[in-house]
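If you want the building blocks of each chain, they are given just below.
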Amino acid sequence: MGLTQLGLGFESGSALVERALEAIESGPRSTPSLARDVLGVRNGPPGLAARLVYDLLGSDRRVSVDGAGVWRLATTDATTDALLATTALSCLEFAVVDVETTGGTPSRGDRVIEFAAIQVRGGQVVGEFSSLVNPGRVLSPFISRLTGITSDMLATAPTFADIADQVRACLEGRVFVAHNAGFDWRFLAEEMRRSSALFPVGPRLCTVRLTRRAVPGLRRRGLDHVTDYFGIPIRGRHRAGGDALATAQVLIRLLQEASRSEVETWDQLQLWLAGRPSGRRGPESIVSQ
């Protein structure tokens, strides 16, 4: 059961997020207490409260959760935030991520079956990590046809808990990037929760959103269409490593497009993505989204 199945629409979901944040502001809160006090869930199937709370807050960078399921406001360091804001994009390190999964909804039990992260700095790929992941279940024929991954291939693969430390090392201290970043972020947050591992809290960048801003005339922004536009081959479509590497190349090209509008730092990029002057050029340089 998800939030929508409780009859909660987008606006009421947003209100619940704000209510949860108010509760956490008063001090750390456990997952069951948030389910009870914010969502009104006192009974139900095992794991229901956790699924609902993670569905509500799992991708919200304003909060963090530890391995015991205790939620806190994400620690923010004013000096660190200011440093990020003024850091040149060429000096930032990005973790470009892709996951393949058993389905589309982590809050309903879908699992990661492959993870890949490509590290990008200064317009170059500087590192990579990928692994198949045993989800503890048989794959559907559709997913096997789509990805080329079979249940036999996953039978001897590590579980997510086995690679959780490596995943964290890939992400920590880097800007999280993915094509439709919310999807990958939600899956990884849920897998880290299942593994009782801490999920890094940090800046995120979605290449779909960046494409919308940098290439406003491109009507379709799926990975196939964006890579075709830039002439980037995908070697291993619907495999995490191939898609992550293609997305990394897309990121490099999109940041080059942004630099042509004199977008040079992280805060200028955020202004530019919002359709506002980056601080280097006047309103005439803004392209409508």
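It should be noted that the structure appears before, not after, this text.
Cut-off values and rules
Residues numbered from 1 in each chain as written. Predicted model: local features only at pLDDT ≥ 70, side-chain atom pairs only at ≥ 80, totals over all residues. Heavy atoms only, no water. Pairing = 2+ DSSP bridges. Helix = DSSP H or I, 4+ residues; strand = E, 2+ residues; numbered from the N terminus. Buried < 20%, exposed > 50% of the residue type's maximum accessible area, 1.4 Å probe, protein only. Axes fitted to C-alpha atoms, helices over the stretch in contact; angles between N-to-C directions. Left-handed = near helix turned anticlockwise from the far one by under 90°. Contact = heavy atoms within 4.5 Å. Nonpolar A, V, L, I, M, F, W, Y, C, P; charged D, E, K, R; others polar. Core = buried A, V, L, I, M, F, W, Y, C linked by side-chain atoms within 4.5 Å. Right-handed = clockwise from strand over helix to strand, strands pointing away.

Novice: Would you mind going over the pairing of strand β6 (residues 124-132) with me for this structure?
Specialist: As a general feature of sheets, a regular strand has side chains that alternate between the two faces. Pairing between strand β5 (residues 112-121) and β6: 8 bridges, direction antiparallel. Residue pairing for β6: R121 is matched across the bridge by Q124. In textbook terms, the turn of a hairpin is the stretch between consecutive antiparallel strands, and for β5 and β6 this stretch comprises 2 residues, one of which, G122, has a positive phi near 60 degrees.

Novice: I tried to follow the environment of R36 on my own but got confused; where do I start?
Specialist: With respect to the helices, strands and loops of the structure, R36 is situated in helix α2 (residues 31-37). Residue R36 is classed as partly exposed on the basis of its relative accessible area, which comes to 37%. Between the alpha carbons of R36 and V53 there is a distance of 9.9 Å; along the sequence they are 17 residues apart.

Novice: It is not clear to me how the packing of helix α9 (residues 207-214) against helix α11 (residues 240-260) should be interpreted in this structure. Could you clarify?
Specialist: To characterise two packed helices, one gives the angle between the axes of the helices and the distance between these axes. The interhelical angle for the contact between α9 and α11, taken along N-to-C directions, is 35 degrees, at an axis separation of 10 Å. Seen from above, α9 lies across α11 with left-handed handedness. Residues T207, L210, T211 and A214 of α9 form the contact with α11, whose participating residues are T247, L251, L254, L255 and E257. Across the contact of α9 with α11, the residue classes tally to 5 nonpolar, 3 polar and 1 charged.

Novice: Please explain unusual backbone geometry as it appears in this structure.
Specialist: Peptide bonds are, in most cases, trans, and in most cases residues other than glycine have a negative phi. Of note in this structure, N180 is not a glycine but carries a positive phi near 75 degrees. With respect to the element layout, N180 can be found in the loop between β7 (175-178) and α8 (181-194). The phi dihedral of E262 falls on the positive side, at around 60 degrees, and the residue is not glycine. Within the secondary structure layout, E262 lies in the loop between α11 and α12 (266-273). Judged by its relative accessible area of 29%, E262 falls in the partly exposed class.

Novice: Help me understand the nonpolar core, please; the structure alone is not making it clear to me.
Specialist: Across soluble globular proteins, nonpolar side chains show a tendency to be buried alongside one another. Membership of the largest hydrophobic core comes to 32 residues, with the highest contact counts inside it found for F94, V96, L205, L210, L251 and L269. Of all the secondary structure elements, the ones that give two or more residues to this core are β4 (93-101), β5, β7, α9, α10 (223-230), α11 and α12. Per-element tally for this core: the top contributor is α11, with 9 residues. Excluding its chain neighbours within four sequence positions, the residues that come into contact with F94 are L89, I118, Q119, V120, R174, V175, V177, L205, L251 and L255. Counting residues in each nonpolar core, the second largest holds 24 residues, with V133, L188, A189 and F199 among its members.

Novice: Hey, could you run me through the sheet that holds strand β8 (residues 204-206) in this one?
Specialist: Backbone-to-backbone hydrogen bonds pair the strands of a sheet. The strands run either parallel or antiparallel. Across the sheet, 5 strands lie side by side as β6-β5-β4-β7-β8; this open sheet has mixed pairing. Both edges of this open sheet fall to β6 and β8, since each of them pairs with a single strand only. Strand-to-strand twist of the sheet, defined as the mean angle between neighbouring strand axes without regard to direction, takes the value 25 degrees. As judged from the 3 bridges shared by β7 and β8, these two strands associate in the parallel manner. When the bridges of β8 are listed, A178 appears paired with C206. Lying over the sheet, helix α7 (residues 160-171) contacts β4, β5, β6 and β7, oriented at roughly 30 degrees with respect to β5.

Novice: Is there a simple way to explain the pairing of β7 in this structure?
Specialist: Side chains V175 and V177 project from β7 onto one buried face, and the interleaved F176 and A178 project onto a second face that is buried too. Both β4 and β7 contribute to a ladder of 3 bridges, which runs parallel. Bridge pairing links F94 to V175 in β7. In the classification by handedness, the crossover that spans β7, the intervening α8 and the parallel β8 is right-handed.

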